[in-house]
Amino acid sequence: MDGVAPLFRMEGISKRYGGVRALEKAELVVEAGSIHAILGENGAGKSTLIKVMAGVVAPDEGRMTLDGREVTFASPGAANKAGIVCIFQELSLVPELSVADNIVISDPPKRFGMIDRKAQRRIAEEALARAGAADIHPLALVKDLPLSRRQMVEIAKALARKPRILILDEATSALTAADVSKIFAVLKRLRSEGLALLYISHRMNEIAELADQCTVFRNGRNVASYKAGSKSDNEVVELMIGREYSHIFPPKRAAVPATAAPRLEARKLSWADRLHDISLTVRAGEVVGLGGLDGQGQRELLLAFFGVLRGLSGQILIDGKPVSITSPSVARDDGIGMALIPEDRKTEGLMLPMTVRENLSFAALDRLSNAGIIDRAAEQRLIDDMVGLLAIKTAGLDIPVGALSGGNQQKVVIAKWLMRQPRIILLNDPTRGIDVGTKQELYQLMRKLADAGAAILFYSTDYDELIGCCDRVLVLYDGAIKRELVGAEITERALISSALNIHGEESPVGLGASV
Amino acid sequence: MKDWRVKDWRYWLAEQRGTLLALGIFIVMFVIYTSNHPAGFTANVVQTAANKGVLLAFVAMAQTLVVITAGIDLSVGMIFLLTNCLASWLVVGTPMQTALGVIAVLAVGLLCGAINGAIVIYGRLQPIVATIATGAVYYGIGLLLRPFPGGSVNEDLADALTGRVFGVVPASIVVLLVIVLVIWVPFSRSVLGRAAYAAGSSETAAYMSGVPIRRGKFAAYTLAGLLAAIGGLFLTFFTYTGEAAYASGNSYTLFSIAAVVLGGVSLFGGKGSAIGAIFGALAFRTIGDLLFVFDFDPLWQPLFQGVILLVAVSLGAFALFRVRNRLEWFL
């Protein structure tokens, strides 16, 4: 660092949103040819930091230098031109446009003033191949692709812009394990080509595999920078949350006897070509995990229980009695008492511009009203209970829920359903993109609800969560349950080998490391 | 790379579905119309139908540009009237004067569109509110220009553009084709056009990708003004007069929205093409003609137009019956 100016440097960067300090004199040095991991809880300032770098927000004070020269970016376009390209956590793809249109969107190739479609096609195919996603058709509309494919398109799009500094903000959160290993190979190749990569992730194993340098943020400041591998995971997590990091998962209880009557049961559920003959049981007091690679039918299975899918064959039984669940409103009714915490809280969980109060009461409005008139006092009591129970941090109940942090938004989604005291709780990857502290609270809450008698079916893409939280795990592959793991059988090795549908106990060489 | 040829074709078809559906509806209705027309499928019948159809086609094209950006332009009908009134003053005299008049009329259309765009984009007003207000202003100016129907137009030019080329092809259709080639095709393939689509589909994603959203939307509104003015010119060519007819302006605005929807353009933005809207407009116009050949009382026309519009739009909604995941209803 001394003598030669680093590729990019940020000094004394501060940013306030209203009264909240998002960044407070933050510093960052980025070197070419290295992968730099940024760690920190949500709200630690990571997102604001990269938004400043990528020209999305202007800092209140501080300076940035690129190649030793001071720079300011008025827009994301300006940052792109300077060679700083960011893959945001919230995808920046335009749904109605094709994959190829999206890849070249910031700077389409032109001929006679019009977009040169042949050149565009060539660039798109090259970029997809570079990102290891040559199987995606360049003319497919982005809205028709599943989330994990979209993320690959996002990465291809970033590469097509020939970046010098590439920022990946939780860019692997929706990827399948196979895609992650492809992307890691791509990132390592880019590093050897001299790019600087900033890598933001909540997944410690990914950081351990990729990063050369790590910087930890806390409360808007960089609190530590160190060479990757020089600190243990526990030390790093302590730096991040500033407190002792232990017992992240609550202790499990003695197993619910297998003879107990199941609260929720599925018999030979099949739907389209996505679910095949799924039979399972969940008993009261149990946390049952759904494992496997992303997109193997887990989401569809939860939607099937919740009455969203049409043309479902097979049987669903509640407390041993067959039921016909034809819509979410039937699913949540008292006889069934089901709640679904959806995957995408922004579209399926919350009405972002509406207030925290309104969002909390939606699912329980029928219980809180007499002849269609909402009983404000009863509503307030229940809301107070929930805000207390879940420790939701909000400046007030009457601010838009969109103003809360991701973790607190997720708490609102959960609280909304707990207001109905559900007997069956379906969770669809509820901890995606939320911080360690909130995750820990959610794990404890889940156990508490199970202890209070709820039956919980929990899908997670994070194997640690399945190991730490679940009494049993059902591993799905291609829409069918391939394996059931009980108690001590739930290990990373067992989860991975069954997720990849590999029989036998020995983990295949090389695969374990890449997941 | 890969051999995608077979799949390419399918993606193309999926993209053009709305346009092809509108074309299909139009052809079916037009065939029914001409086969029941006393004169049959003759150059005269086609010419008359074309001249009525292109007016709405131009206004619908204008509407398409704005709707693609997820906006709506409730002033297109009024720009259409204003330019009609203006043309009835200016598009007269020697060929030179006439040419200057045409240019002036088109420039006024561009200006009206640009004002809409500036208010919506830089003033950050809702498109629906902004264009109701500007539409009233444009109508007001039109009324001041022509308090009573009147004026005139260069009849040589008018007759040439509303007549037939080579004795068979309606000149108005040729002009429509030229306008598509000169305005729509370049726009839809330009960076600004793509920015308009991107802004309509997901403005945040477009912004994050460094797309020139503002310029794209501004271009869409401005060109919409121009297209409405071309429609206004043609109205003058057909009627030889200018008239600030309030009801007519309003119905053109509403019919343009109907035509756009018939043509497979999504009111949510980001999807559709002006070609589809043109067929939507021609189909919509044919509804009225159908009633004529079947000897219905003209009183029935609005009712029938409404019913046929409902049926046609429902065709596009049939896909919803096949949805097996109820969440897709809301996409």
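Residues numbered from 1 in each chain as written. Chains lettered and ligands numbered in written order. Predicted model: local features only at pLDDT ≥ 70, side-chain atom pairs only at ≥ 80, totals over all residues.

## Some thoughts on the overall build of chain B
The helix and strand inventory of chain B stands at 14 helices and two strands. Against the globule reference of 20 Å for 331 residues, chain B gives a C-alpha radius of gyration of 20 Å, in line with a compact fold. By its C-alpha atoms, chain B is 60 × 50 × 40 Å across when sized along the principal axes. For chain B, the residues scored as buried account for 49% of the 331 residues in total. Taking all contacts inside chain B whose residues are at least 6 apart in sequence as the whole, residues at least 24 apart take part in 76%. (Helix = DSSP H or I, 4+ residues; strand = E, 2+ residues; numbered from the N terminus. Rg over C-alpha atoms; globule rule 2.2 N^0.38 Å. Buried ≥ 20, exposed ≤ 12 C-beta atoms within 10 Å, placed from the backbone. Contact = placed C-beta atoms within 7 Å.)

## Examining the overall build of chain A
Helix and strand content of chain A: 18 helices and 24 strands. The C-alpha atoms of chain A give a radius of gyration of 24 Å, which matches the 24 Å a tight globule of 515 residues would have. For chain A, the C-alpha atoms occupy an extent of roughly 70 × 50 × 50 Å along the three principal directions. Buried residues in chain A amount to 47% of all 515 residues. Relative to all contacts within chain A whose residues are 6 or more apart in sequence, the contacts with residues 24 or more apart total 68%.

## A few points about the sheet that holds strand β14 (residues 275-283) of chain A
Residues and elements named next belong to chain A. The strand order across the open sheet formed by four strands is β14-β13-β16-β17, and the pairing between neighbours is antiparallel. The open sheet has two free edges, formed respectively by β14 and β17 (321-323), since each of these has just one partner strand. Across the sheet, the mean angle separating the axes of adjacent strands is 20° when strand polarity is ignored. Summarising the sheet, strand β13 (residues 262-271) and β14 pair through six bridges and their orientation is antiparallel. Among the inter-strand pairings, W271 is bridged to a residue of β14, identified as L275. Sheet strands in contact with helix α9 (residues 298-305) are β13, β14 and β16 (313-318), and its direction is about 65° off that of β14. (Pairing = 2+ DSSP bridges. Axes fitted to C-alpha atoms, helices over the stretch in contact; angles between N-to-C directions.)

## A few points about the interface of chain A and chain B
Residue-level contacts link 30 residues of chain A with 28 residues of chain B. The set of elements that each furnish at least two residues to the side of chain A that touches chain B consists of α2 (76-81) and β8 (114-115) of chain A. The dominant element in the side of chain A that touches chain B, judged by the number of residues it contributes, is α2(A), at three residues.

## Observations regarding the domain arrangement of chain A
Residues and elements named next belong to chain A. Domain parsing of chain A yields domain 1 (8-241), domain 2 (262-337 + 424-502) and domain 3 (348-421). Here the C-alpha centroids of domain 2 and domain 3 sit 25 Å apart. If you look at the interface, domain 2 gives eight residues, while domain 3 gives eight residues. For the side of domain 2 that touches domain 3, the element with the highest residue contribution is helix α15 (residues 436-451), accounting for three residues. Class assignment for the residues of the side of domain 2 that touches domain 3 results in three nonpolar, two polar and three charged. (Domains from an automatic or database assignment. Nonpolar A, V, L, I, M, F, W, Y, C, P; charged D, E, K, R; others polar.)

## Focus on the nonpolar core
Counting residues in each nonpolar core, the largest one holds 175 residues, and the members touching the most others are A:A156, B:F58 and B:I278. A total of 16 residues in this core trace back to one element, the largest contributor, which is helix α10 (residues 213-239) of chain B. In contact with B:F58, not counting residues within four places along its chain, are B:L227, B:A228, B:I230, B:G231 and B:F234. Counting residues in hydrophobic clusters, the runner-up holds 77 residues, among them A:W271, A:L301, A:L426 and A:I481. (Core = buried A, V, L, I, M, F, W, Y, C linked by C-beta atoms within 7 Å.)

## Focus: the packing of helix α2 (residues 43-68) of chain B against helix α11 (residues 246-262) of chain B
Residue and element names in this part refer to chain B. Running from N to C, α2 and α11 cross one another at 70°; their axes reach a closest spacing of 8 Å. Relative to α11, the element α2 is oriented roughly perpendicular. Both α2 and α11 take part in a crossing whose hand is right-handed. Along its contact with α2, which presents L56, V59, A60, A62, Q63, T64 and V67, the element α11 presents Y252, F255, S256, I257, A259 and V260. Residues belonging to the contact of α2 with α11 are distributed by class as follows: ten nonpolar, three polar and no charged. (Parallel < 35°, antiparallel > 145°, perpendicular 65-115°, else oblique. Left-handed = near helix turned anticlockwise from the far one by under 90°.)

## A word on the environment of B:L86
Residue and element names in this part refer to chain B. If you trace the backbone, L86 turns up in helix α3 (residues 76-90). Note on L86: 25 C-beta atoms within 10 Å, which makes it buried. Spatially, the C-alpha atoms of L86 and E203 are 36 Å apart, while their sequence positions differ by 117 residues. Filtering out sequence-adjacent residues up to four positions away, L86 remains in contact with V105, V108 and L145.

## Concerning the sheet that holds strand β9 (residues 165-169) of chain A
Residue and element names in this part refer to chain A. Pairing is mixed across the open sheet formed by six strands, whose spatial order is β6-β9-β10-β3-β11-β12. Each having just a single partner strand, β6 (84-87) and β12 (221-227) make up the two edges of the open sheet. Averaged over all pairs of adjacent strands, the angle between their axes in this sheet comes to 20°, without regard to strand direction. In the sheet, β9 pairs with strand β10 (residues 196-200) via five bridges, with the strands oriented parallel. Along β10, the bridge assignment pairs D169 with I200.

## Looking at α3(B)
Because the α-helix completes a turn every 3.6 residues, residues three or four places apart line up on one side. The first and last C-alpha atoms of α3(B) sit 21 Å apart over 15 residues, in line with the 21 Å expected at 1.5 Å per residue. Of all 15 residues in α3(B), 14 are buried; the element is thus mostly enclosed. (Expected span 1.5 Å × (residues − 1).)

## Quick word on helix α4 (residues 95-121) of chain B
All names here are of chain B. The end-to-end C-alpha separation of α4 is 38 Å, in line with the 39 Å expected for 27 residues at 1.5 Å each. Among all positions in α4, only G101, V105, V108, G109, C112, G113, I115, N116, G117, V120 and I121 are buried. Looking at the buried residues of α4, the elements they touch are α3, α5 (127-145) and α10.

## Some thoughts on the pairing of strand β21 (residues 424-428) of chain A
Residues and elements named next belong to chain A. Counting buried residues along β21, five of its five residues qualify, which places the element largely inside the surrounding structure. Along β21, one buried face is formed by I424, L426 and N428 and the opposite face, lined by I425 and L427, is buried too. As paired elements, strand β18 (residues 338-341) and β21 share four bridges and run parallel to each other. Looking across to β21, one finds that A339 is bridged to I425. For β21 and strand β22 (residues 455-459), the ladder comprises five bridges, and the chain directions are parallel. Residue L426 lies in a different strand from β22, and its bridge partner there is L457.

## Quick notes on unusual backbone geometry
Positive phi outside glycine occurs at A:D319, with the angle close to 50°. Take A:D319: it is sitting in the loop between β16 and β17.

## Quick look at the confidence of the model for chain B
Residues with a pLDDT of 70 or more make up 95% of chain B, whose mean pLDDT is 90. Under the prediction, the complex receives an ipTM of 0.80, its pTM being 0.75. (pLDDT = per-residue confidence, 0-100.)

## Considering the confidence of the model for chain A
In the predicted model, chain A carries a mean pLDDT of 85, and 92% of its residues have values of at least 70. Predicted confidence is poor over residues 504-515 of chain A, with pLDDT under 50, and the contacts of this stretch with residues over four places away or in other chains come to twelve contacts.

## What to know about the pairing of strand β3 (residues 34-39) of chain A
All names here are of chain A. With five of its six residues buried, β3 lies for the most part within the structure. Here four bridges tie β3 to strand β11 (residues 213-218), and the two strands are oriented parallel to one another. The residue bridging L39 from the neighbouring strand is V216, located in β11.

## Considering the environment of A:D294
Position of A:D294 relative to the elements: it lies in the loop between β15 (287-291) and α9. Sequence separation between A:D294 and A:T326 is 32 residues, and the spatial gap between their C-alpha atoms is 26 Å.

## Notes on the packing of α2(B) against α10(B)
Residues and elements named next belong to chain B. Put simply, α2 and α10 touch, their axes get as near as 8 Å, and they point 170° apart. Taken together, the axes of α2 and α10 are roughly antiparallel relative to one another. Contacts between α2 and α10 involve N51, V54, L55, F58, V59, M61, A62, L65, V66 and I68 from the first element and A220, Y221, L223, A224, L227, A228, I230, G231, F234, L235 and F238 from the second. Here the residues of the contact of α2 with α10 are counted per class, giving 19 nonpolar, two polar and no charged.

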